[in-house]
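So you can see what is in the structure, the chains are spelled out below.
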Amino acid sequence: MAAPKVAVVGAGVVGLSTALCIAETCPSCSVTVLSDQFSPNTTSDVAAGMLIPHTYPGTPIHTQKQWFKETFTYLFAINNSAEASEAGISLISGWQVFKNTPKEELPFWSDVVLGFRPMSEAELQKFPQHQFGQAFTTLKCDCPPYLLWLEKRLKATGVQMRTRKVANLWELHSEYNIVVNCAGIGAHQLVGDEKLFPVRGQVLKVHAPWVKNFIRDGDGLTYIYPGIHRVTLGGTRERDSWSLSPDPGTTKDILDRCCSLEPSLRGAEDIKVKVGLRPSRQCVRLQKEVLSQGGVKLPVVHNYGHGAGGFSVHRGTAKEAARLVGECIAALQGSSSRAKL
Ligand code: FAD
C-alpha cells in the first residue's frame, strides 16, 4: 500500500495536536488538516488554557488522569525549553478557594500538578469569604500562540493545511484512506451527534500585568488566570446556548466577581470580551468507526467532545487517537496484502 493519506478535520487544539501525533508516530503518512476556521477563530482561541482538569462523568478516572499526566509532561518539557515563550507556555502558581470544604479534599490530579497542598491560614486571609483552599503550581497555554506554534510544527513536518468546510465525512472517501474527526462542537452537525451540546463561556482578556498568581473559585465559575501577555477573567457556563454574541451585563458581572476575589483588578485596562462554545459530552468520543457505502469502506477515528477541559488533556487524547489511526493503517495494509494474494 502507498503512503496512507490521513485527513484530520478541525484546527483547534485537538485537531492540531492530533495531526502532530499522527505525523510523529507515522512519518510515512501523508497528513492534511482540513478546517473551515483556523486560529484565531476557533473555540480553542477563546480558552484560558489552564491545566486544571474538568471531570468527564462517562470516562474512567484512571484514563482521565493518564490523559492529563501525558499533557502535563509534554507541556512541562516545552516550558523547560527555549521554545516556551514562542509556544505561549508558562508555569503558574495560585489558589483554588472554596466557601465550604469540598467532599473530596484531594482531586484525582493533585499528584500531577506541582506542590499541591492545603492553603495556610495566612494565605486564606486574602479571601475572607472562603474557608478552605488548595495551593498548587500548574501550566498555562496562552492559546493563540500555542495554536500557532503547533501549526508551525505541523508545517515543518510536511503536514498540509487546507481551508475547507466538510459537509459529511463520507465526501472525503475518494481522497483519503483515513479520516480523523476533531471538529469540536462542529461534530454536532458533521456527524449528527445528539449527545454533544454547547456550554457557552464568556471571558474577558485584560491587561493587568501586576496579577501574577491564578485564583479559581472552587465552583469553577469565577477565575483569574494570568498568562504571559494578558489575564483571562471568567466566566460563565451556559448549557445549550449557541450564542456567540458577548453580553454586556455578563461582562460587568464577571468583572465584579473577579474584583471580589482580587480587588486590584478594578485597575485592569484594555478589556476584550470573548465567547466560545465548549464541545461538551458525558465523555470524550475517542473511538474508531468504519463508514461504508456500496462495499467501499472509510475508517474514521473520532476525537471530540472535550468540553471544559480540552487544553488539560489534549496531548493524551491526541496520542490515543494516533494509536487508533495506527490500528486503521495496519488493518488497511492487511486487507491490501490479502487482496494481492
Ligand atoms: P475547537 O477549538 O472548536 O476546534 C474545532 C475545529 O473544527 C475548528 O477549527 C473548526 O473550524 C473545525 N470544524 C468544525 N466543524 C467543521 C466542519 N464541518 N468542517 C471543517 N472544519 C470544521 N480548557 C482547558 O483545558 N482549560 C481552560 O482553561 C479552558 N478554558 C476555557 C474557557 C472558555 C471560555 C471556553 C469556551 C473553553 C475553555 N476550555 C478550557 C475548553 C477548551 O477550549 C475546549 O475543550 C477545546 O478548545 C476544544 O478544542 P477542539 O479542538 O475540540 O475544538
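Residues numbered from 1 in each chain as written. Predicted model: local features only at pLDDT ≥ 70, side-chain atom pairs only at ≥ 80, totals over all residues. Heavy atoms only, no water.

If you check an unreviewed UniProt entry, the protein chain appears there as D-aspartate oxidase from Charadrius vociferus. Turning to the protein chain, the UniProt annotation filed under Cofactor (unreviewed entry) states: "FAD". In the Function (unreviewed entry) part of its UniProt record, the protein chain is described as follows: "Selectively catalyzes the oxidative deamination of acidic amino acids. Suppresses the level of D-aspartate in the brain, an amino acid that can act as an agonist for glutamate receptors. Protects the organism from the toxicity of D-amino acids. May also function in the intestine." (UniProt positions renumbered as here; feature names shortened; annotations may be inferred.)

What to know about the pattern of salt bridges
Taken as a whole and assessed by the stated rule, the structure comprises 24 salt bridges. Residue aspartate 193 is joined to arginine 281 by a salt bridge in which the shortest nitrogen-to-oxygen separation is 3.0 Å. With aspartate 193 in the loop between α7 (187-190) and β8 (197-207) and arginine 281 in the loop between β13 (269-280) and β14 (285-293), the pair connects residues that are 88 residues apart, well separated along the chain. For the salt bridge of arginine 323 with glutamate 320, the shortest nitrogen-to-oxygen distance reads 2.9 Å. Remark: glutamate 320 and arginine 323 occur in helix α9 (residues 310-340); sequence separation between them is three residues, near one turn of the helix. If you follow the salt bridges from partner to partner, you end up with Lys288, Glu320, Arg323 and Glu327 in one network. (Salt bridge = Lys/Arg side-chain N within 4 Å of Asp/Glu carboxyl O. Helix = DSSP H or I, 4+ residues; strand = E, 2+ residues; numbered from the N terminus.)

A few points about helix α3 (residues 61-79)
For α3, which comprises 19 residues, the first-to-last C-alpha distance of 26 Å matches the rise-based estimate of 27 Å (1.5 Å per residue) to within 8%. Of the positions making up α3, those classed as buried are Gln64, Trp67, Phe68, Thr71, Phe72, Tyr74, Leu75, Ile78 and Asn79. The buried residues of α3 occupy an angular sector of 165° when projected down its axis, which confines them to one face. Along α3, the residues that are exposed and aim more than 90 degrees away from the buried face are His62 and Thr73. (Expected span 1.5 Å × (residues − 1). Buried < 20%, exposed > 50% of the residue type's maximum accessible area, 1.4 Å probe, protein only. Arc of directions from axis to C-beta.)

What about the state of the cysteines?
Taken as a whole, this structure holds one disulfide when the rule is applied. Between the sulfur atoms of cysteine 26 and its disulfide mate cysteine 29 the distance is 2.3 Å. Because the torsion about its S-S bond is 85°, the bridge between cysteine 26 and cysteine 29 counts as right-handed. For cysteine 26, a relative accessible area of 14% translates into the label buried. On the accessibility criterion, cysteine 29 (11% relative accessible area) is buried. As a non-bridged cysteine, cysteine 141 has cysteine 143 as the owner of its nearest cysteine sulfur, 6.1 Å distant. Under the relative-accessibility criterion, cysteine 141 is labelled buried at 0%. Lacking any disulfide linkage, cysteine 182 is separated from the closest cysteine sulfur, that of cysteine 21, by 10 Å. (Disulfide = S-S within 2.5 Å.)

Remarks on the side chain of histidine 302
Examined against the element boundaries, histidine 302 turns out to sit in strand β15 (residues 296-304). One polar contact links histidine 302 to asparagine 181, side chain to side chain, over a distance of 3.1 Å. Excluding residues that lie within four positions of it along the chain, histidine 302 makes contacts with Leu169, Asn181, Val191, Arg285, Leu286, Gln287 and Glu289. (Polar contact = N/O pair within 3.5 Å; in protein donor to acceptor, adjacent residues only side chain to side chain. Contact = heavy atoms within 4.5 Å.)

Focus on unusual backbone geometry
Of the consecutive residues serine 39 and proline 40, the connecting peptide bond is found in the cis state with omega at 15°. Within the secondary structure, proline 40 sits in the loop between β2 (30-35) and α2 (43-46). Following glycine 234, the chain continues into glycine 235 via a peptide bond in cis, with omega recorded as -5°. Note on placement: glycine 235 falls in the loop between β11 (231-234) and β12 (238-239). Positive phi, normally seen in glycine, also occurs at aspartate 240, with a value near 65°. Note that aspartate 240 resides in the loop between β12 and α8 (248-261).

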